[in-house]
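Architecture and fold: a report
Chain by chain, the residues:
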Amino acid sequence: MMPKSRGARHGLIAEILARSAVRSQGQLLDLLAAEGVEITQATLSRDLGELGATKVRHGRALVYALPGLGGDPTPRPAPDSAFVRERIRKVCGDLLVSAVPAANQVVLRTPPGAAQYLASALDTTPGLDILGTIAGDDTVLLVMSDEQAARAMVDRLAALAGPATD
């Protein structure tokens, strides 16, 4: 269940724009409705303004984009799925030391100082069905829906990280 707060709605809008090339407010309203959020076009227009969304060229189309992370004011459209798959594969291959399931959770180990980066990459990768992440210095805790999802995530991350080498 998603809270009905403005902040939660803004978070969902940002998530949708990060994973989908949205061409119109009507399309975004439909995507929000599919997530259980019903708002008016006027509210959506106001939300997009508050988030700093602009339309940018993506291929031959204009799509909504939000300013980048880390203070970068440049609006960035959602990356294509091949880019996202390659990025998470590379990050896991470079940083994932181990992944162990623990009930409905997964404990990931990274080199010192890399946990935040790995957690951020996982948080921004659509389709992983992670309920939440917590990152320390060299450990990331993933919260999954159940034990089966946790075991499946361990297998998926191991495959992304590539074969073990001795």
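Check the entry above for the structure.
What comes next concerns the included structure. (Residues numbered from 1 in each chain as written. Predicted model: local features only at pLDDT ≥ 70, side-chain atom pairs only at ≥ 80, totals over all residues. Heavy atoms only, no water.)

1. Details of the nonpolar core
Grouped together as the largest cluster of nonpolar side chains are 23 residues, with contacts concentrated most on Leu108, Leu118, Leu122 and Leu142. Apart from residues no more than four positions distant in its own chain, Leu142 is found in contact with Asn104, Gln105, Val106, Leu108, Leu122, Ile130, Gly132, Thr133, Met153 and Leu157. If you look at the next biggest cluster of nonpolar residues, it comprises 14 residues, including Leu17, Leu28, Val37 and Tyr64. (Core = buried A, V, L, I, M, F, W, Y, C linked by side-chain atoms within 4.5 Å. Buried < 20%, exposed > 50% of the residue type's maximum accessible area, 1.4 Å probe, protein only. Contact = heavy atoms within 4.5 Å.)

2. Some remarks on unusual backbone geometry
Positive phi, normally seen in glycine, also occurs at Ala103, with a value near 55°. Tracing the chain through its elements places Ala103 in the loop between strand 4 (98-102) and strand 5 (105-109). Taking the relative accessible area as the measure of exposure, Ala103 reaches 48% and is therefore partly exposed. Phi at Asp129 takes a positive value of approximately 55°, unusual for a residue other than glycine. Overall, Asp129 belongs to the exposed group, its relative accessible area being 64%. (Helix = DSSP H or I, 4+ residues; strand = E, 2+ residues; numbered from the N terminus.)

3. Topic: helix 6 (residues 147-161)
A rise of 1.5 Å per residue sets the reference length of helix 6, with its 15 residues, at 21 Å; its end C-alpha atoms lie 21 Å apart and thus fit the reference within 8%. Buried within helix 6 are the following residues: Ala149, Ala150, Met153, Val154 and Leu157. Burial along helix 6 is one-sided: seen end-on, the buried residues are contained in an arc of 145°. Exposed residues lying more than 90 degrees from the buried face of helix 6 are Gln148, Asp155 and Ala159. In this structure Asp146 caps helix 6, since a side-chain oxygen of it lies 3.2 Å from the backbone nitrogen of Gln148. (Expected span 1.5 Å × (residues − 1). Arc of directions from axis to C-beta. Polar contact = N/O pair within 3.5 Å; in protein donor to acceptor, adjacent residues only side chain to side chain.)

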